Amino acid sequence: MTTTAAPAAAPYRFFDVHVVRARRLSTSMVRITFGGERLDALVSGGRDQRFKVFLPQPHQTVPVFADMGDGWYTAWRAQDPAERPVMRSYTIREQRPETGEFDVDFALHGADGPAAAVAGGPASRWAAGARPGDRLTVLAPAVEDNGGVDFRPPPGTDWILLTGDETALPAIAGILSWLSPGTRAKVWIEIGHEDDRQQLPTFADAEITWLVRDPATAARTEPVQDALRTAELPGGKPYAWIAGEAGTVKAVRRHLVGERGFDRRAVKFTGYWRRGATEEELLAELTAAAAKSTRQAA
Ligand SMILES: Cc1cc2nc3c(=O)[nH]c(=O)nc-3n(C[C@H](O)[C@H](O)[C@H](O)COP(=O)(O)OP(=O)(O)OC[C@H]3O[C@@H](n4cnc5c(N)ncnc54)[C@H](O)[C@@H]3O)c2cc1C
């Protein structure tokens, strides 16, 4: 995961936002349009621009922070987990400065079973029930060139490889819309349902393959890995961007570097979630690992 142990506050800023619209795009995806005061100061770098969402606890109407200044992260960690805002990572799908709005596409994991109301996680459940006027806080970029954009192909790249699942679909859409005309791109996207396919406007010369999971075998199959293993890849210098479930991301990276000879520096890989772990648990692991390496260095 790239969820850093202490998310940087600068050049990021807190913005209080509210839901303007919630639109169900498909079985697994809902698009939430956010508005708010001072949103003219939010500047997305496009592509896979990540940011943090802070949700209220179920018994609150707004997220309750102990401190929103420079020491916010230490204060947030010290807060009672049942009271502090729930922090999650998402992607800015599209920003419209002219209307002061931005969109976020939430994957509703666990949304199609009989236990939909209690399945998934806090963010997925919040998105499934979001109504105009609902309020939350985001930590989002205030300058266009910021550290929350990972898709940065080096000069001399001949073609682009993208893989991801529903959680990476907003970033893949942002990347495809950003690519220069004629850029060669090969894209594999794993989705839960046929209707999760989206139109992905691009000037690139993009070949997009949608891989629909079979619910009967979903836990045992790896559609992206299987498709890649037999894929014919172009020659020339590639740049790969891989996101989605952490185990899949790792395996795809290993395949590209180990079996396809990709330069490891030309492979940007990010676990967006990990099967069986909440984002808090992943953050706790990272914090413990960072503390351990500090102790070892001392
Ligand atoms: C940089 C970055 C950008 C991201 N952008 C987006 C985005 O734009 N849209 C988006 O939908 N997600 C995005 N994600 C992924 C999202 O943050 C995670 O899916 C997150 O765990 C959802 O929080 P939650 O509260 O719903 O579930 P959590 O409380 O974190 O997890 C609860 C349980 O659900 C499981 N789980 C989490 N996500 C999924 C999933 N997709 N499918 C199946 N099981 C899951 C976990 O393994 C855990 O067992 C992004 C992640 C990162 C790191």
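See the structure shown above.
What you see is a predicted model; the values in this text were computed from it and never measured.

Reading guide: rules and limits
Residues numbered from 1 in each chain as written. Predicted model: local features only at pLDDT ≥ 70, side-chain atom pairs only at ≥ 80, totals over all residues. Heavy atoms only, no water. Helix = DSSP H or I, 4+ residues; strand = E, 2+ residues; numbered from the N terminus. Buried < 20%, exposed > 50% of the residue type's maximum accessible area, 1.4 Å probe, protein only. Areas by Shrake-Rupley, 256 points an atom, 1.4 Å probe, with all protein chains shown as cover. Lys, Arg positive; Asp, Glu negative; His and termini not counted. Charge placed at Lys NZ, Arg CZ, Asp CG, Glu CD. Salt bridge = Lys/Arg side-chain N within 4 Å of Asp/Glu carboxyl O. Near = heavy atom within 4 Å. Nonpolar A, V, L, I, M, F, W, Y, C, P; charged D, E, K, R; others polar. Core = buried A, V, L, I, M, F, W, Y, C linked by side-chain atoms within 4.5 Å. Contact = heavy atoms within 4.5 Å. Pairing = 2+ DSSP bridges.

1. Overview of the overall build of the protein chain
Phase 1 of the analysis: Tallying secondary structure elements over the protein chain gives 6 helices and 12 strands in all.
Phase 2 of the analysis: Principal axes of the C-alpha set define a box for the protein chain whose edges measure 55 × 50 × 40 Å.
Phase 3 of the analysis: Each of the 298 residues in the protein chain was classed as buried or not, and the buried ones make up 47%.
Phase 4 of the analysis: For the protein chain, the accessible surface area stands at approximately 14500 Å², while carbon and sulfur atoms represent 52% of it.
Phase 5 of the analysis: Charged side chains of the protein chain number 36 positive and 38 negative; the gap between the two group centres comes to 4 Å.

2. Things to note about the pattern of salt bridges
Phase 1 of the analysis: This model, assessed by the stated rule, comprises 18 salt bridges.
Phase 2 of the analysis: D145 is the salt-bridge partner of R152, the closest N and O atoms lying 3.5 Å from each other.
Phase 3 of the analysis: For R213, the salt bridge is made with E166, and the minimal N-O distance between the two is 2.5 Å. Pair noted here: R213 is in the loop between β10 (205–212) and α4 (223–229) and E166 is in the loop between β8 (159–164) and α3 (169–178), with a separation of 47 residues, a long-range link.
Phase 4 of the analysis: A relative accessible area of 9% means that E166 is categorised as buried.
Phase 5 of the analysis: Through salt bridges with shared partners, a single ionic network connects R21, E94, R96, E101 and D103.

3. Regarding α3
Given 3.6 residues per turn, any residue in an α-helix points the same way as the ones three and four places further on.
Phase 1 of the analysis: Of all 10 residues in α3, 8 are buried, a share of seventy percent or more.
Phase 2 of the analysis: Along α3, the residues that are buried comprise L169, P170, A171, I172, A173, G174, I175 and L176.

4. Things to note about the site of the ligand
Phase 1 of the analysis: Around the ligand sit 24 residues in total, of which R88, S89, A107, H109 and R274 are the nearest.
Phase 2 of the analysis: Alone, the ligand offers 930 Å² of accessible surface; in the complex the protein occludes 89% of this.
Phase 3 of the analysis: Put simply, the parts of the chain that give the shell around the ligand at least two residues each are β4 (86–91), β6 (101–107), α2 (122–128) and β12 (267–273).
Phase 4 of the analysis: For the shell around the ligand, the element with the most residues is β4, which contributes 4 residues.
Phase 5 of the analysis: Here the residues of the shell around the ligand are counted per class, giving 9 nonpolar, 9 polar and 6 charged.

5. Concerning the nonpolar core
Phase 1 of the analysis: The biggest cluster of nonpolar side chains holds 26 residues, and the ones touching the most others in it are F34, F51, F102, F106 and W126.
Phase 2 of the analysis: Beyond its immediate chain neighbours, meaning those up to four positions away, F34 contacts V17, H18, V19, V20, L39, G100, E101, F102, V104, F106, W126 and L136.
Phase 3 of the analysis: Core analysis: the second largest hydrophobic core is formed by 22 residues, V187, I189, Y239 and W241 among them.

6. As for the side chain of Q95
Phase 1 of the analysis: Assignment of secondary structure puts Q95 in strand β5 (residues 94–96).
Phase 2 of the analysis: Once residues within four sequence positions are removed from consideration, Q95 is found in contact with L39, L42, V43, S44, E101 and F102.

7. Details of the pairing of strand β2 (residues 29–35)
Phase 1 of the analysis: Most of β2 sits out of view: 7 of its 7 residues are buried.
Phase 2 of the analysis: By the alternation rule, side chains of β2 split into M29, R31, T33 and G35 and V30, I32 and F34, which are all buried.
Phase 3 of the analysis: Note: strand β1 (residues 12–24) against β2, 6 bridges, orientation antiparallel. Of the residues in β2, the one forming a bridge with R23 is R31.
Phase 4 of the analysis: Hairpin connection of β1 to β2: 4 residues between the antiparallel strands.
Phase 5 of the analysis: Pairing between β2 and β6: 6 bridges, direction antiparallel. Among the inter-strand pairings, T33 is bridged to a residue of β6, identified as D103.

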